[in-house]
Amino acid sequence: MTLPTLYSFRRCPYAMRARLGLYFAQTQVNLREIVLKHKPEAMLLASPKGTVPVLILESDAVIDESLDIMCWALSQNDPADLLLRHASQQQEAAKALIEHNDQVFKSWLDKYKYADRFPEQSQEYYRQQGELFIQQLESLLSKHPQLMGQQPCIADYAIYPFIRQFAHVDKAWFEQSTYKHVQHWLAQHLQSDAFVAI
């Protein structure tokens, strides 16, 4: 039996998110770790935009958006109900949170991480813009241990790889910041069997 092929890059938060979805769905894939400067021709043929992750299914269908890969995998098998199938209100809230991460926070994260490429503002300014999302997460996590409640769901796994990246820009600052709930939540996920496995 041929397995789906996943083109991935170890430290990319989008690729981490895709690998987490596949892990929790217990979906086996052929993992192809790429070198960003030498992207494989087969990957570029499948997805000309040239970004990871790219999942090529046995049918040769291609899924090249990380969230779509998560949803595809979990739609096949979701033993922990990460998609919140029986909680439509939570499902919508999770979707909105992921969308804010992807559409707003990620842009500030890139500017904070690569502030020298965006000299229009200071690195501190970019961090403060990113903190608006961190504050939102802190508020949610002050009410329950995971973003949508007691148990982690797709929102936690789709978002924490990006918060990890934010925290690592200036670890000393992040560790002394007031975001204690976010710190605890992130540390818990980074120490998990799932993160170690992916």
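Residues numbered from 1 in each chain as written. Predicted model: local features only at pLDDT ≥ 70, side-chain atom pairs only at ≥ 80, totals over all residues. Heavy atoms only, no water.

**Concerning the packing of helix α3 (residues 66-76) against helix α6 (residues 154-169)**
Pairs of packed helices are described in terms of their axes, by the angle between the two and the distance that separates them.
Part 1 of the reasoning: The N-to-C vectors of α3 and α6 enclose an angle of 150°; their axes lie 11 Å apart at closest approach. Considering the angle they form, α3 stands roughly antiparallel to α6. The hand of the α3/α6 crossing is right-handed. Residues L67, M70, C71 and L74 of α3 form the contact with α6, whose own contacting residues are I154, Y157 and A158. (Axes fitted to C-alpha atoms, helices over the stretch in contact; angles between N-to-C directions. Helix = DSSP H or I, 4+ residues; strand = E, 2+ residues; numbered from the N terminus. Parallel < 35°, antiparallel > 145°, perpendicular 65-115°, else oblique. Left-handed = near helix turned anticlockwise from the far one by under 90°. Contact = heavy atoms within 4.5 Å.)

**A closer look at the environment of A25**
Part 1 of the reasoning: Among the secondary structure elements, A25 is positioned in the loop between α1 (13-24) and β2 (30-33).
Part 2 of the reasoning: Classification of A25 by relative accessible area gives buried; the value is 2%.
Part 3 of the reasoning: A C-alpha to C-alpha distance of 28 Å links A25 and V104, two positions 79 residues apart in sequence.
Part 4 of the reasoning: The residues touching A25, leaving out its near neighbours within four places in the chain, are A73, L74 and N77. (Buried < 20%, exposed > 50% of the residue type's maximum accessible area, 1.4 Å probe, protein only.)

**Some thoughts on unusual backbone geometry**
Part 1 of the reasoning: Omega for the bond connecting V52 with P53 falls within 30 degrees of zero, at 0°, which places this linkage in the cis form.
Part 2 of the reasoning: Located in the positive-phi region is Q26, a residue other than glycine, with phi close to 55°.
Part 3 of the reasoning: Its place among the elements puts Q26 in the loop between α1 and β2.
Part 4 of the reasoning: You will see that D60, though not glycine, has its phi angle at about 75°, which is positive.
Part 5 of the reasoning: With respect to the helices and strands, the residue D60 is situated in the loop between β3 (54-56) and β4 (62-63).

**Concerning the packing of α6 against helix α8 (residues 180-190)**
Part 1 of the reasoning: At a closest axis distance of 10 Å, the pairing of α6 and α8 adopts a crossing angle of 105°. Relative to α8, α6 is oriented roughly perpendicular. Facing α6, whose interface residues are D156, Y157, I159, Y160, I163, R164 and A167, α8 presents V182, W185, L186, H189 and L190.
Part 2 of the reasoning: In terms of residue class, the contact of α6 with α8 is built from 9 nonpolar, 1 polar and 2 charged. (Nonpolar A, V, L, I, M, F, W, Y, C, P; charged D, E, K, R; others polar.)

**Overview of helix α5 (residues 123-141)**
Part 1 of the reasoning: In this model, α5 (19 residues) spans 26 Å end to end at C-alpha, consistent with the 27 Å of a helix rising 1.5 Å per residue.
Part 2 of the reasoning: L132 marks where α5 bends most, by close to 30°.
Part 3 of the reasoning: Turning to α5, its buried residues are Y126, R127, G130, E131, F133, I134, L137, E138 and L141.
Part 4 of the reasoning: Buried residues along α5 sit in contact with α4 (88-113), α6, α7 (171-176) and α8. (Expected span 1.5 Å × (residues − 1). Bend = angle between axes of the 7 residues up to and from the residue.)

**Some remarks on the packing of aromatic side chains**
Part 1 of the reasoning: Using the criterion set out here, one finds 15 aromatic pairs in the structure.
Part 2 of the reasoning: Ring centres 6.2 Å apart and planes at 65° place the aromatic pair Y157 and Y160 in the edge-to-face group. Residue Y157 and its partner Y160 are located together in helix α6, separated by 3 residues, close to a single helical turn. Both residues of the pair, Y157 and Y160, count as buried.
Part 3 of the reasoning: Here a set of aromatic residues connected by ring pairs shows up, and it is made of Y23, F24, Y157, Y160, W185 and F195.
Part 4 of the reasoning: One Lys or Arg, K111, reaches over the ring of W108 and ends 5.2 Å from the middle of that ring.
Part 5 of the reasoning: Over the face of the ring belonging to Y114 we find R117, whose NZ or CZ atom lies 4.1 Å from the ring centre. (Phe/Tyr/Trp six-rings, centres within 6.5 Å; stacked < 30°, edge-to-face > 60°. Lys NZ or Arg CZ within 6 Å of the ring centre and 35° of its normal.)

**Quick notes on the pairing of β2**
Part 1 of the reasoning: Of the strand pairs in this sheet, strand β1 (residues 5-8) and β2 are connected by 4 bridges, and their pairing is parallel. Paired with S8 across the bridge in β2 is E33.
Part 2 of the reasoning: For the crossover from β1 across α1 to β2, the handedness is right-handed. (Pairing = 2+ DSSP bridges. Right-handed = clockwise from strand over helix to strand, strands pointing away.)

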